[in-house]
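# Examination of the molecular architecture
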Amino acid sequence: MRKASPNVRHTSTQTIKMLTIKLPSVALGSLLLSTGVSAFTFQPRSNDLPTIVTSHRSTNTALSMGLKSSLLRTAQSHPVATAAAGTALATTAAVKFYLDRPSRTYSETSVAREYDEWTQDGILEYYWGEHIHLGYYNEEEMKEGYKKKDFIQAKYDFIDEMMKFGGIDVTVDQGAKVLDVGCGFGGTSRYLADKLGPNADVTGITLSPNQVKRGTELAEERGLSNVKFTVMNALEMDFPDNSFDIVWACESGEHMPDKEAYINEMMRVLKPGGKFIMATWCQRDDRLVPFTKKDKRDLRFLYEEWTHPYFISIEAYKELIDATKLMGPVKTADWVTPTIASWRHSIWVGVYDPRGWIFKPHRYVKCVRDAYCLERMHRAFNRGLMQYGMFAATKATN
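How each quantity is defined
- Residues numbered from 1 in each chain as written.
- Predicted model: local features only at pLDDT ≥ 70, side-chain atom pairs only at ≥ 80, totals over all residues.
- Heavy atoms only, no water.
- Helix = DSSP H or I, 4+ residues; strand = E, 2+ residues; numbered from the N terminus.
- Buried < 20%, exposed > 50% of the residue type's maximum accessible area, 1.4 Å probe, protein only.
- Contact = heavy atoms within 4.5 Å.
- Areas by Shrake-Rupley, 256 points an atom, 1.4 Å probe, with all protein chains shown as cover.
- Phe/Tyr/Trp six-rings, centres within 6.5 Å; stacked < 30°, edge-to-face > 60°.
- pLDDT = per-residue confidence, 0-100.
- Pairing = 2+ DSSP bridges.
- Axes fitted to C-alpha atoms, helices over the stretch in contact; angles between N-to-C directions.
- Parallel < 35°, antiparallel > 145°, perpendicular 65-115°, else oblique.
- Left-handed = near helix turned anticlockwise from the far one by under 90°.
- Nonpolar A, V, L, I, M, F, W, Y, C, P; charged D, E, K, R; others polar.
- Polar contact = N/O pair within 3.5 Å; in protein donor to acceptor, adjacent residues only side chain to side chain.

### A closer look at the overall build of the chain
If you tally the helices and strands in the chain, you get 16 helices and seven strands. The buried share of the chain, reckoned over its 398 residues, is 50%. Partitioning the contacts of the chain with sequence separation of at least 6, the portion at a separation of at least 24 is 82%. Put simply, the chain shows about 19,600 Å² of open surface, and 56% of that area lies on carbon and sulfur atoms.

### A few points about the packing of aromatic side chains
Going through the model one piece at a time under the given rule, you end up with 18 aromatic pairs. Taking the centre distance of 4.8 Å and the plane angle of 80° together, the rings of Tyr126 and Tyr127 count as edge-to-face. What makes Tyr126 partly exposed here is its relative accessible area of 37%. For Tyr127, a relative accessible area of 10% puts it in the buried group. The interplanar angle of 70° and the centroid separation of 5.4 Å between the aromatic rings of Tyr136 and Trp335 together place this pair among those described as edge-to-face. Of this pair, Tyr136 sits in the loop between helix 6 (123-128) and helix 7 (139-144) while Trp335 is found in the loop between strand 6 (331-334) and helix 14 (336-339), placing the two residues 199 residues apart along the sequence. The exposure classification of Tyr136 matches that of Trp335, with both residues buried. An aromatic cluster of three or more residues is present, and its members are Tyr136, Phe158, Phe165, Trp335 and Tyr388.

### Structural notes on the confidence of the model for the chain
The share of residues in the chain with pLDDT of 70 or more is 81%, and the mean pLDDT across the chain is 85. The low-confidence segment residues 1-59, where pLDDT is below 50, has 74 contacts with residues more than four positions distant or belonging to other chains.

### A closer look at the sheet that holds strand 5 (residues 270-283)
Taken together, the seven strands give an open sheet; going across it, the order is 3-2-1-4-5-7-6, and neighbouring strands pair in mixed fashion. The open sheet has two edge strands, strand 3 (227-231) and strand 6, and neither has a second partner. When strand polarity is set aside, the average angle formed by the axes of neighbouring strands in this sheet is 15°. The sheet contact formed by strand 5 and strand 7 (residues 386-394) spans nine bridges and is antiparallel. Within strand 7, the residue paired with Thr280 across the bridge is Gly389. Contacts between helix 9 (residues 187-195) and the sheet are confined to strand 1 (177-181), strand 2 (201-206), strand 3 and strand 4 (244-250), with strand 3 contributing the most and set at about 155° to the helix. Taken strand by strand, helix 11 (residues 259-269) contacts strand 1, strand 4 and strand 5, and its axis lies near 155° from that of strand 5.

### Regarding the packing of helix 12 (residues 293-305) against helix 16 (residues 364-382)
At a minimum axis distance of 11 Å, the contact between helix 12 and helix 16 shows a crossing angle of 140°. On the basis of the axis angle, helix 12 is oblique to helix 16. Along this stretch, helix 12 crosses helix 16, giving a crossing that reads as left-handed. Residue-level contacts link Asp298, Phe301, Leu302 and Glu305 of helix 12 to Arg369, Tyr372, Cys373, Arg376, Met377 and Ala380 of helix 16. For the contact of helix 12 with helix 16, the residue count by class is six nonpolar, no polar and four charged.

### Notes on the pairing of strand 7
Where burial is concerned, most of strand 7 is hidden: eight out of the nine residues are buried. The pairing of strand 6 with strand 7 spans four bridges and is antiparallel. For Thr332, the partnering residue across the bridge sits in strand 7 and is Phe391.

### Things to note about the side chain of Arg376
Mapped onto the elements, Arg376 comes out in helix 16. Polar contacts involving the side chain of Arg376 include one to the side chain of Asp100, which spans 2.8 Å. A distance of 3.2 Å separates polar atoms of two side chains, one belonging to Arg376 and the other to Asp298. Contacts of Arg376, omitting those with residues within four sequence positions, involve Asp100, Asp298, Phe301 and Leu302.

### Examining the pairing of strand 4
Of all seven residues making up strand 4, six are buried, and the element is well covered by its neighbours. Looking at chain direction, strand 1 and strand 4 are connected through three bridges and run parallel. Within strand 4, the residue paired with Asp180 across the bridge is Trp248. In this structure, strand 4 lies alongside strand 5, joined through six bridges in parallel fashion. Of the residues in strand 5, the one forming a bridge with Trp248 is Ile277.

Following this line, the structure appears as structure tokens:
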């Protein structure tokens, strides 16, 4: 049998290297699948081309025939490696096909169920701390590299920046009665209770009984008696009109099946002169730039993988707030730039420290899916399909 030329052997080596997937952890594997699928395709380097291309004027047919001949010789010379490469390609394609099929579509009970599970398995709390929301990274921190910042500290910084955005002052608002809508297991509720002093009264509501239980445990551990948690539907709150000085909602609107009712209820329970502050993931306003087929596919994945009914735009939320005719001027902003690092940072903390999931093999598939969705979220925000909506307003007094 004729030996393959050195150039062909070099091409084969490069191909095998590109097709060999080594997974030091499940989380890293997820990251590779989500960010580097194109790296698993055959892409010969320029110094490999002389064995296939003879000149810049070679026709596409000649190039194709040369490539096929080279691949055939490589396959004949290295049958085991070629079979391994083919298997790797097929496996990668199958895994990506599986991950691209959403697994947690929205239903009336899905949000409570998923957050009960996330709270019970402890993985989210291990990595994200007490705060189930994105972090804040200033311009200097981004220049230095977001991975140098403490991941959990970024979340505390986000709360501080959100307080500034909403005009919440720890001296002016001491003793305020606060409602945290969609409180998770209460990280922000406890933070506000501590910041606003012992005379403040903070209530956190969620659909998840496990979150209420965990939030209450953590409040007791910290000796915070001015914060409480309860299971309640944000679309049909039990509170009387004009009950709270501050209504705070951080990343809960995403799960609401009726955005109008969500806004109306928060405006209803806010006292005249009270402060409203909200942060939520939004999709681009398609009235300005219509969604493409790819946009719609990507949005559907983001809806259905993390049990969201749908998103709306920053503009649409502002219109809903204005339509209540209860609020003063609404301040809005898109905080994609200071928050986008959170998505990939979430993946890297799991790679650097696998102790949060490595001893829970029954959660491996879920961890991979979550890491993959984190990357999909990053890409959607990065290309402008998604926006990070910020809203602040004061309720009219007349």
